[in-house]
Amino acid sequence: MLKRLVGRTSLISKFSFSTNESTDISVRDSIHRLIDRASMYTRIPGSFIDGLKKCSHVLELSIPLKKDNGQLAVFEAYRAHHSIHALPLKGGIRFAPNMRLADIEGVAALMTLKMACADIPYGGAHGGISVDPSSLSVLEQERLARAYAKELIKSGFMGPSIDVPGPDIGTDGRTMAWIMDEFLKIAPDVTEGLAAVTGKPEAAGGIAGRKEAAGLGFYFALKNFLEDEELVEPLELTKELKGKKIIIQGFGNVGYHVSKFLSENGKAKIIGVLDQNGGVYKATGLDITALKTYYDENKTLKGFTEGKHFDNPEDVLSKTCDIFIPAASENTITVNNSHLLKCKIVAEAANLPLSIKAEENLIKNGVAILPDIIMNSGGVISSYFEYVKNIGHISPEKLTKRWELKSNEKILQFLARILGTEVQNSDLQVASDLEIVNNALEDIIQNSVKTAKKTSKLYSISYKDAAYVNALNRIYENLRYSSHYAA
Ligand SMILES: NC(=O)C1=CN([C@@H]2O[C@H](COP(=O)(O)OP(=O)(O)OC[C@H]3O[C@@H](n4cnc5c(N)ncnc54)[C@H](O)[C@@H]3O)[C@@H](O)[C@H]2O)C=CC1
Ligand SMILES: O=C(O)CCC(=O)C(=O)O
């Protein structure tokens, strides 16, 4: 049921940097301020910057659902298309209560910037259904996801060349598989139908490593940022991740995988984990695998005995650490709680977790901020690889595996002849899909961090502003030659 379809309207400039903050800050307002702040270090015309603050199309829906008990429930749902400078559009679908259009439009804009920063040739989108998924049975969730997908497809808001959604808060690979299946039912003749949505399980056409990609990308980004002396020296930190004391807010897909890679690969100590209902703390470092098993079984951190539990999440939020990582949702750190943080770095794993005023307060107190559009870009980068796989109907390793094995064998045989040894079959290895995508992910993230550091030094601005400057410049360069920009 279509409620409203909004086209691009007037472009209003808003160069206000007031530090007042209402308790009801929208993500859209925050992103506008961040765009304005960064635009001062670009030569992009003001009219173009104003244009980037608007979504090109917004879809508002009411979706009726027949519950398992036969009763009817109606849910509000949305999809916002931000910038069509590059197609398809891309961004998450979430199932979360109390969704607001102003937040959805803000995250859609953030997605445009995130992908420009990583040099992924897509525009940004975002959307979802205003629902608490835990209040529905699995079958109800499936019917609702399928009904939402049907409305997106009917309204021209989804398809491999239009808008390719992926997972976000409250959704996962299974949700994406339902959505893909709905697309294939409605449009069976679209050859690239598998590419209508990403984040699918591998058995449904997904790519190896997508589920953990936001966490792995975060690990690569943090490691690379810490190598910068200009970041660590003033904070009196060492360059290594090893031994760094870390507190994480949110233990869902992103929070868990960030914790896993930082502790397993980086040997960092995750000393605190909190969600909206409480937190656990252990000064010597939590066992993340054990915590994950417990959290999956019990849906709560309470009762996990290998750490001290606090009913009030702020009791964990306020512990001293080196790095605080918000990995839950937007605006979880505002003026109301930013003064509690006792850390040297805030590394954003969630999208826009800091309100503008909270960010200002933290910076004033000497805290460095590592920006979401780099730190959590691993998820959408991996989605991009999945899309490419689906469009080509071939996985990265399939085409080259045999050839690589043969050429490696020839090289080894040559070396063995010179050295007078024998080639063992176990010496012969070629990259798996997972190795190919993880290495490509590392390469893209490394480049985003490198260019952010360079821009940050050039203008003496924060990494966050630098990442936005790089993204804005890339979008401008891209759009200026496109027929979408009539200047
Ligand atoms: N899933 C993905 O691929 C990506 C997600 N993101 C962003 O990362 C963030 C987290 O997403 P997911 O992990 O996928 O969601 P999720 O739904 O899997 O997990 C969210 C977690 O945050 C907790 N939480 C919710 N409100 C909280 C609060 N006020 N304080 C503390 N904890 C709270 C929940 O209990 C849950 O543990 C979101 O901002 C999302 O947009 C960013 C990049 C990729
Ligand atoms: O893979 C996608 O399309 C969604 C990623 C996402 O939700 C995000 O980067 O915030």
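Residues numbered from 1 in each chain as written. Chains lettered and ligands numbered in written order. Predicted model: local features only at pLDDT ≥ 70, side-chain atom pairs only at ≥ 80, totals over all residues. Heavy atoms only, no water.

(A) View of the environment of F218. Among the structural elements, F218 can be located in helix α6 (residues 210-226). In the structure, F218 is positioned 206 residues away from Q424 in sequence and 37 Å away in space, judged by C-alpha atoms. Apart from the residues lying within four places of it in its own chain, the contact partners of F218 are V258, L262, I325, A347, E348, A349 and M375. (Helix = DSSP H or I, 4+ residues; strand = E, 2+ residues; numbered from the N terminus. Contact = heavy atoms within 4.5 Å.)

(B) Seen up close, the UniProt feature "site: Important for catalysis" (unreviewed entry) in the chain. Per the UniProt record, the feature "site: Important for catalysis" (unreviewed entry) sits at D168. With respect to the secondary-structure elements, D168 resides in the loop between β6 (163-167) and α5 (173-186). Apart from the residues within four sequence positions on either side, D168 is in contact with G92, I93, R94, H126 and N351. (UniProt positions renumbered as here; feature names shortened; annotations may be inferred.)

(C) Up close: the site of ligand 2. K90, K114, R210, N351 and S383 are the nearest of the 13 residues found near ligand 2. Measuring from an oxygen atom of ligand 2, one finds a side-chain N or O atom of D168 at 3.1 Å. Contact between ligand 2 and N351: an oxygen atom at 2.9 Å from a side-chain N or O atom of the residue. Within the complex, 95% of the 300 Å² of free accessible area of ligand 2 lies under protein. Listed by contribution, the elements that provide at least two residues to the shell around ligand 2 are β4 (89-96), α3 (101-117), β6 and α13 (378-392). By residue class, the composition of the shell around ligand 2 is 3 nonpolar, 6 polar and 4 charged. (Near = heavy atom within 4 Å. Polar contact = N/O pair within 3.5 Å; in protein donor to acceptor, adjacent residues only side chain to side chain. Areas by Shrake-Rupley, 256 points an atom, 1.4 Å probe, with all protein chains shown as cover. Nonpolar A, V, L, I, M, F, W, Y, C, P; charged D, E, K, R; others polar.)

(D) Region of the structure containing the site of ligand 1. With respect to spatial proximity, 23 residues lie near ligand 1, and among them D168, N253, V254, Q276 and N351 are the closest. V254 has a polar backbone atom sitting 2.8 Å from an oxygen atom of ligand 1. At 3.0 Å from an oxygen atom of ligand 1 is found a side-chain nitrogen or oxygen belonging to N351. Of the residues assigned to the shell around ligand 1, the class counts are 9 nonpolar, 10 polar and 4 charged. Counting the residues that make up the shell around ligand 1, at least three belong to each of domain 1 (2-206 + 464-480) and domain 2 (212-375). (Domains from an automatic or database assignment.)

(E) The arrangement of a nonpolar patch on the surface in detail. Together, I411, F414, L415, I418 and L419 give the surface a local cluster of nonpolar side chains, amounting to about 530 Å² of exposed area. Within the element layout of this structure, I418 appears in helix α14 (residues 396-419). Taking relative accessible area as the criterion, I418 reaches 57% and is therefore assigned exposed. (Patch = residues over 30% accessible without salt bridge, like charges linked within 9 Å, V, L, I, M, F, W, Y side chains within 5 Å. Salt bridge = Lys/Arg side-chain N within 4 Å of Asp/Glu carboxyl O. Buried < 20%, exposed > 50% of the residue type's maximum accessible area, 1.4 Å probe, protein only.)

(F) Spotlight on the UniProt feature "binding site: substrate" (unreviewed entry) in the chain. The feature "binding site: substrate" (unreviewed entry), as given by UniProt, occupies K90, K114 and S383 in the numbering adopted here. Their sequence span is 294 residues, while the largest C-alpha to C-alpha distance among them is just 13.0 Å; these annotated residues converge on one region. For K114, the location among the structural elements is in helix α3. Taking relative accessible area as the criterion, K114 reaches 5% and is therefore assigned buried. Among all residues touching K114, those that are not within four sequence positions of it are N351, I373, N376, S377 and V380. As for its placement among the helices and strands, S383 is situated in helix α13. Relative accessible area serves as the criterion here: at 1%, S383 is assigned to the buried category.

(G) Structural detail: the sheet that holds strand β9 (residues 278-281). Strand order in the open sheet made by the 7 strands is β10-β9-β8-β7-β11-β12-β13, with mixed pairing throughout. The strands lining the two open edges of the sheet, one partner per strand, are β10 (308-310) and β13 (368-370). Averaged over all adjacent pairs, the angle separating strand axes in this sheet is 20 degrees, with direction ignored. Of the pairings in the sheet, the one linking strand β11 (residues 323-326) to strand β12 (residues 345-347) comprises 2 bridges and is parallel in character. Among the inter-strand pairings, F324 is bridged to a residue of β12, identified as V346. (Pairing = 2+ DSSP bridges. Axes fitted to C-alpha atoms, helices over the stretch in contact; angles between N-to-C directions.)

(H) Looking closely at the domain arrangement of the chain. Once the domains are mapped, the chain shows domain 1 (2-206 + 464-480) and domain 2 (212-375). Facing the 20 residues of domain 1 at the interface are 20 residues of domain 2. Taking both partners together, domain 1 and domain 2 bury about 1,900 Å²; carbon and sulfur atoms supply 59% of that area. Close ionic contact of E359 with R37 constitutes a salt bridge, the shortest N to O distance being 2.7 Å. Linking domain 1 with domain 2 are 6 residue pairs in polar contact (both at pLDDT 80 or more). Elements represented by at least two residues in the side of domain 1 that touches domain 2 include exactly α1 (27-39), α3 and α16 (463-480). No other element matches the 6 residues that α1 contributes to the side of domain 1 that touches domain 2. (Buried area = accessible area lost by both parts, 1.4 Å probe.)

(I) Up close: the confidence of the model for the chain. The predicted model of the chain averages 93 in pLDDT, with 94% of residues at 70 or higher. Segment residues 1-19: pLDDT under 50, and 53 contacts once partners within four positions in sequence are set aside and those in other chains are kept. Overall fold confidence for the complex sits at a pTM of 0.93, while the interface term, ipTM, reaches 0.99. (pLDDT = per-residue confidence, 0-100.)

(J) Here's a closer look at α5. In a regular helix each residue adds 1.5 Å, so 14 residues correspond to 20 Å; α5 covers 20 Å between its end C-alpha atoms and thus fits that length. Every buried residue belonging to α5 is among G173, T175, M176, A177, W178, I179, M180, E182 and F183, and all of these are buried. Of the surrounding secondary structure, the elements contacted by the buried residues of α5 are β4, α4 (138-154) and β6. The N-capping residue of α5, defined by a side-chain oxygen 3.1 Å from the backbone nitrogen of R174, is D172. (Expected span 1.5 Å × (residues − 1).)

(K) Focus on the nonpolar core. In terms of nonpolar packing, the biggest core is built from 89 residues, with L231, L262, I325 and I345 touching the most fellow members. Among the elements that make up this core, the one with the highest residue count is α16 (10 residues). By size, the runner-up hydrophobic cluster in this structure holds 30 residues, among which are L144, M158, I179 and F183. (Core = buried A, V, L, I, M, F, W, Y, C linked by side-chain atoms within 4.5 Å.)

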